[in-house]
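# Reading the structure
Take a look at the letters that make up each chain.
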Amino acid sequence: MKTKILVIEDERDISELVAYNLGKEGFAVSASANGEDALKTIRKEKFGLIILDLMLPGIQGMELCKILKSSVETSSIPIIMLTAKSEELDKVLGLEMGADDYITKPFSPRELIARVKAVLRRGHEKTAADKIIKAGDLEINTDTYQVSRRGTPVKLSATEFKLLLFLVKRKGRVFDRDMLLNAVWKDETYVEPRTVDVHIRRLREQIEDDPSNPVYIRTRRGIGYYVDGDL
Ligand code: CA
């Protein structure tokens, strides 16, 4: 699917130049001539990137950038600011507003494309990496709910997955059975503390080389379970 890019720029020549060059590169481009229109468009459509001019009629580019970066729905959309002046101040301000990059006018189509691709690449790397939680050789993907060890998929039940994720996210802290019951089983009544032990044992059978000498999920005798903080 084509990445959708919104160009927010009141100067028609520049807006058209940007749209033309991005379109030629295979992006789907929309354009807004002011901030109010842009906000409406962003509410309706999902964009992969925004190119935002600093000098706009109505809501200024900087203000718009701040609005977009402070809202949960739009904060993850990368923004490249276009600045008319080459003053350092504008650049710094643009980035302080949370913009991901800036381009100073006049710019070449080649520079524009290079910046757009670099920002998009950075965004993808970040989101993919954010979803993977590691503990030693274990990788937990919180997006696909898959677990792998040394690259080999590990099959876990939903409860085992939740238990593992809970402990790995809190490496180094020891949890007793009641705490784990509250965290993983939540509202399920009539679950005995022993249930935790049963699931820990099953989990170990799946992820440990030697379940009786566990490396990932350790026992703190008389208290409960933990994942080593050094993993
Ligand atoms: Ca402008």
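Note that the structure is predicted; figures quoted are calculated from it, not measured.

Basis of the calculations
Residues numbered from 1 in each chain as written. Predicted model: local features only at pLDDT ≥ 70, side-chain atom pairs only at ≥ 80, totals over all residues. Heavy atoms only, no water. Core = buried A, V, L, I, M, F, W, Y, C linked by side-chain atoms within 4.5 Å. Buried < 20%, exposed > 50% of the residue type's maximum accessible area, 1.4 Å probe, protein only. Helix = DSSP H or I, 4+ residues; strand = E, 2+ residues; numbered from the N terminus. Contact = heavy atoms within 4.5 Å. Salt bridge = Lys/Arg side-chain N within 4 Å of Asp/Glu carboxyl O. Pairing = 2+ DSSP bridges. Right-handed = clockwise from strand over helix to strand, strands pointing away. Donors = N, O, S within 2.8 Å, 3.2 Å for Na, K, Ca; no water. Domains from an automatic or database assignment. Phe/Tyr/Trp six-rings, centres within 6.5 Å; stacked < 30°, edge-to-face > 60°. Lys NZ or Arg CZ within 6 Å of the ring centre and 35° of its normal.

Let us look at the nonpolar core. With 27 residues, the main nonpolar core has Ile140, Leu164, Leu167, Leu180, Ile207 and Ile217 as its most contacted residues. Residue assignment for this core shows that the elements contributing at least two residues are strand S6 (132–135), strand S7 (138–141), helix H6 (158–169), helix H7 (177–185), helix H8 (193–207) and strand S12 (224–227). Broken down by element, the residue count for this core peaks at 7 residues, all from H6. If we skip the residues at most four places from it in the chain, Leu180 touches Leu163, Phe166, Leu167, Phe175, Trp185, Val196 and Tyr225.

In total, this model carries 15 salt bridges according to the counting rule given. A salt bridge links Glu25 to Lys117, with the shortest nitrogen-to-oxygen separation between them at 2.9 Å. Taken as a pair, Glu25 in the loop between helix H1 (12–24) and strand S2 (28–32) and Lys117 in helix H5 (residues 109–130) lie far apart in primary sequence, 92 residues in all. Look at Glu25 and you get partly exposed, because its relative accessible area is 38%. Judged by relative accessible area, Lys117 falls into the partly exposed class, the value being 36%. One salt bridge connects Asp209 with Arg149, and the closest N-O pair in it is separated by 3.0 Å. With a gap of 60 residues between them, Asp209 in the loop between H8 and strand S11 (217–220) and Arg149 in strand S8 (residues 146–149) connect regions that are remote in the sequence.

Turning to the pairing of strand S4 (residues 79–83), a few remarks are in order. Buried residues dominate S4, accounting for 5 of its 5 residues. Two elements, strand S3 (residues 49–53) and S4, share 4 bridges in a ladder whose sense is parallel. Looking at the pairing, Ile50 lines up with Ile79 of S4. Taken together, S3, helix H3 (residues 61–70) and S4 constitute a β-α-β crossover, and its handedness is right-handed. Sheet analysis places S4 next to strand S5 (residues 101–104), joined by 4 bridges and oriented parallel. Its bridge partner being in S5, Ile80 is matched across the sheet by Asp101.

Around the calcium ion, the protein supplies Glu9 (OE), Asp10 (OD), Glu11 (OE), Asp53 (OD) and Met55 (O) as donor atoms, at distances of 2.0 to 3.0 Å. Sequence spacing among the residues donating to the calcium ion works out to E-D-E-x41-D-x1-M. Given the relative accessible area of 37%, Glu11 is considered partly exposed.

As a further point, take the domain arrangement of the protein chain. Per the domain assignment, the segments of the protein chain are domain 1 (4–127) and domain 2 (132–227). Between the C-alpha centres of domain 1 and domain 2 there is a distance of 43 Å.

Residue Pro106 is bonded to the preceding Lys105 through a cis peptide linkage, with omega at -5 degrees. Its place among the elements puts Pro106 in the loop between S5 and H5. The phi torsion at Tyr145 lies on the positive side, around 60 degrees, for a residue other than glycine. Checked against the element boundaries, Tyr145 lands in the loop between S7 and S8. Tyr145 gets classed as exposed once you look at its relative accessible area, which sits at 57%. Although it is not a glycine, Arg150 adopts a positive phi angle of roughly 50 degrees. Within the secondary structure, Arg150 is located in the loop between S8 and strand S9 (152–154).

Another aspect to go through is the packing of aromatic side chains. Applying the stated criterion across every chain, the model contains 2 aromatic pairs. Centroid distance Tyr145 to Phe161: 5.1 Å. Interplanar angle 50 degrees. Geometry classified as tilted. Within this pair, whereas Tyr145 is found in the loop between S7 and S8, its partner Phe161 is found in helix H6, the two being separated by 16 residues in sequence. Between Phe166 and Phe175 the ring centres are 4.9 Å apart and the planes differ by 65 degrees, which places this aromatic pair in the edge-to-face class. With respect to class, Phe166 is no different from Phe175; both count as buried. Looking at Lys4, its charged tip hangs above the ring of Phe47, at a distance of 5.8 Å from the centre. Here Arg220 stacks its cationic end above the ring of Tyr226, 4.8 Å away from the centre of that ring.

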